[in-house]
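# Close look at the chain arrangement
The chain contents come next:
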Amino acid sequence: MSRVFMTESAAPQPDDVRIIRALQIAPRASFASIAAALGLTEGAVNRRYRRLRADGVIRVAGVVNPGALGQSRWLVRLRCRPGSGSAIADALAERDDVNWVALSAAGCEITCATQSRTREQREDLLGQRLPRTAAVIDINAFAMLRQFLGGRGHYWSALQGTLTPEEEAALGSDGPPFTESPVVTREPLRLTPEDEKLLAALAADGRAGLVDLAAAAGLTPGRVSRRLDALLRRRAVHIDVEIAAAALGYHARANLWLRVHPSALKSAGRALAQEPEIAFAAALSGPWNLHAVAHCRDLDELFEFTSDRIGSLTGLQSMEVSPVLRHVKQAGTRLFGDRLVEPPGARTRR
């Protein structure tokens, strides 16, 4: 994974952040469309995007939603023996059915999210492999019951205000931002072999053109365009703009485990979804019935945020703040240090 990342002196510039925000709104928009909306040249947008991607600041990828296919999603919390956490976290991150992995508590606690495509795959991980791992002291798995924030586009609202309302309107959108929804649909979608190939191509590059997607799926560009629209509309996949938060100055990340009175759970989850520091929020089974991921600039900002704004949530009974020691994987993308790592075979596209 050795690679050269951008230095502190070459941190993202204001126009870089504007381009990132434009991609949040319309992740598959052409460079020409982004340039016209932002008042830049197409060449400048092209160069800046390629540098941001090469430096591990952003990555655009298609992320499959197993809930649309009828499969549940789980959040897993592991306690490990001292010295073993990093190896276990790295092994989990290698799995395709684990799309988010973080190390906390001096490397002795791992939090991961599973997105198993089949029940057998999930039971193999949660019922067989992890419990049999000698270095795992304790394992708790929580089913996601309702997702309040997460998914594509506007999900991390820390960049709201980067563009003017007129600039955002000029970009249009590749679909609505994430809205509160059931985790598992009642009418699961069946994928065809062509769908699977299309989704694999989008996982490698969410901005791949229709000609490339058609070649990968064995379809015509017209058919692949219609099928992609259908998969996006059914939320079988979303085009995720993954951001290395530390590259934008957000160095304090934390898992928030909240115990909320059941009657206030929905309102608390919806309130969390409005906070710009929150990148993900979901109701869970188990004693900690609300989980969120927070990104702050430093630990003092994290303290102020959790004590003042989270601490005042109606119905909150208790809260655990677990700072992330090392982010290993997010939205299916591995990290090296604080930067995103392109998967093998991925190529920079328009």
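Throughout what follows, the structure given in this document is the object of discussion.

With that settled, the discussion passes to the side chain of histidine 291. For histidine 291, the location among the structural elements is in strand 10 (residues 290-296). What makes histidine 291 buried here is its relative accessible area of 1%. Side-chain polar atoms of histidine 291 contact the side chain of asparagine 255, separated by 3.2 Å. The residues contacting histidine 291, other than those within four sequence positions of it, are Leu75, Asn255, Leu256, Trp257, Phe280, Ala281, Ala282 and Leu284.

In this section: a negative patch on the surface. A surface patch of negative charge is lined by Asp298, Asp300, Glu304 and Asp308. In this fold, aspartate 308 is placed in helix 11 (residues 299-310). The class of aspartate 308 is partly exposed, set by a relative accessible area of 45%.

With that out of the way, let us pick up the pairing of strand 12 (residues 333-336). In this sheet, strand 12 lies alongside strand 11 (residues 316-330) in antiparallel orientation, the contact comprising 2 bridges. Note on strand 12: the bridge partner recorded for glutamine 330 is threonine 333. Pairing between strand 12 and strand 13 (residues 339-340): 2 bridges, direction antiparallel. Opposite leucine 335, over in strand 13, you have leucine 340 as the bridge partner. Hairpin connection from strand 12 to strand 13: 2 residues lie between these consecutive antiparallel strands, with glycine 337 at a positive phi of about 70°.

With that settled, consider helix 10 (residues 265-273). Within helix 10, the full set of buried residues consists of Leu265, Ala268, Gly269, Leu272 and Ala273. Relative to the axis of helix 10, the buried residues are bounded by an arc of 140° and lie together on one face. In this structure, the buried residues of helix 10 make contact with strand 5 (136-149), strand 8 (252-260), strand 9 (278-284), strand 10 and helix 11.

As enumerated under the stated definition, the model contains 22 salt bridges in all. As a salt-bridge pair, arginine 79 and aspartate 138 come within 3.9 Å of each other at their nearest N and O atoms. Highlighted residues: arginine 79 in strand 2 (residues 74-80) and aspartate 138 in strand 5, separated in sequence by 59 residues. As a salt-bridge pair, arginine 129 and aspartate 124 come within 2.7 Å of each other at their nearest N and O atoms.

In the Ramachandran plot, alanine 105 falls in the positive-phi region, its phi being about 50° despite a non-glycine side chain. Its location among the elements puts alanine 105 in the loop between strand 3 (98-104) and strand 4 (109-114). Using a relative accessible area of 45% as the deciding quantity, one classes alanine 105 as partly exposed. The backbone phi angle of alanine 106 is positive, close to 55°, even though this residue is not glycine. Tracing the backbone shows alanine 106 in the loop between strand 3 and strand 4.

The contact between helix 2 (residues 31-38) and helix 3 (residues 42-54) brings their axes to 8 Å, and the two run at 110°. The angle between helix 2 and helix 3 places the two elements in the roughly perpendicular class. The interaxial crossing formed by helix 2 with helix 3 has right-handed handedness. Where helix 2 abuts helix 3, its residues Phe31, Ala32, Ile34 and Ala35 lie against Glu42, Val45, Asn46 and Tyr49. Here the contact of helix 2 with helix 3 is built from residues that sort into 6 nonpolar, 1 polar and 1 charged.

So, how was this worked out
Residues numbered from 1 in each chain as written. Predicted model: local features only at pLDDT ≥ 70, side-chain atom pairs only at ≥ 80, totals over all residues. Heavy atoms only, no water. Helix = DSSP H or I, 4+ residues; strand = E, 2+ residues; numbered from the N terminus. Buried < 20%, exposed > 50% of the residue type's maximum accessible area, 1.4 Å probe, protein only. Polar contact = N/O pair within 3.5 Å; in protein donor to acceptor, adjacent residues only side chain to side chain. Contact = heavy atoms within 4.5 Å. Patch = residues over 30% accessible without salt bridge, like charges linked within 9 Å, V, L, I, M, F, W, Y side chains within 5 Å. Areas by Shrake-Rupley, 256 points an atom, 1.4 Å probe, with all protein chains shown as cover. Salt bridge = Lys/Arg side-chain N within 4 Å of Asp/Glu carboxyl O. Lys, Arg positive; Asp, Glu negative; His and termini not counted. Charge placed at Lys NZ, Arg CZ, Asp CG, Glu CD. Pairing = 2+ DSSP bridges. Arc of directions from axis to C-beta. Axes fitted to C-alpha atoms, helices over the stretch in contact; angles between N-to-C directions. Parallel < 35°, antiparallel > 145°, perpendicular 65-115°, else oblique. Left-handed = near helix turned anticlockwise from the far one by under 90°. Nonpolar A, V, L, I, M, F, W, Y, C, P; charged D, E, K, R; others polar.

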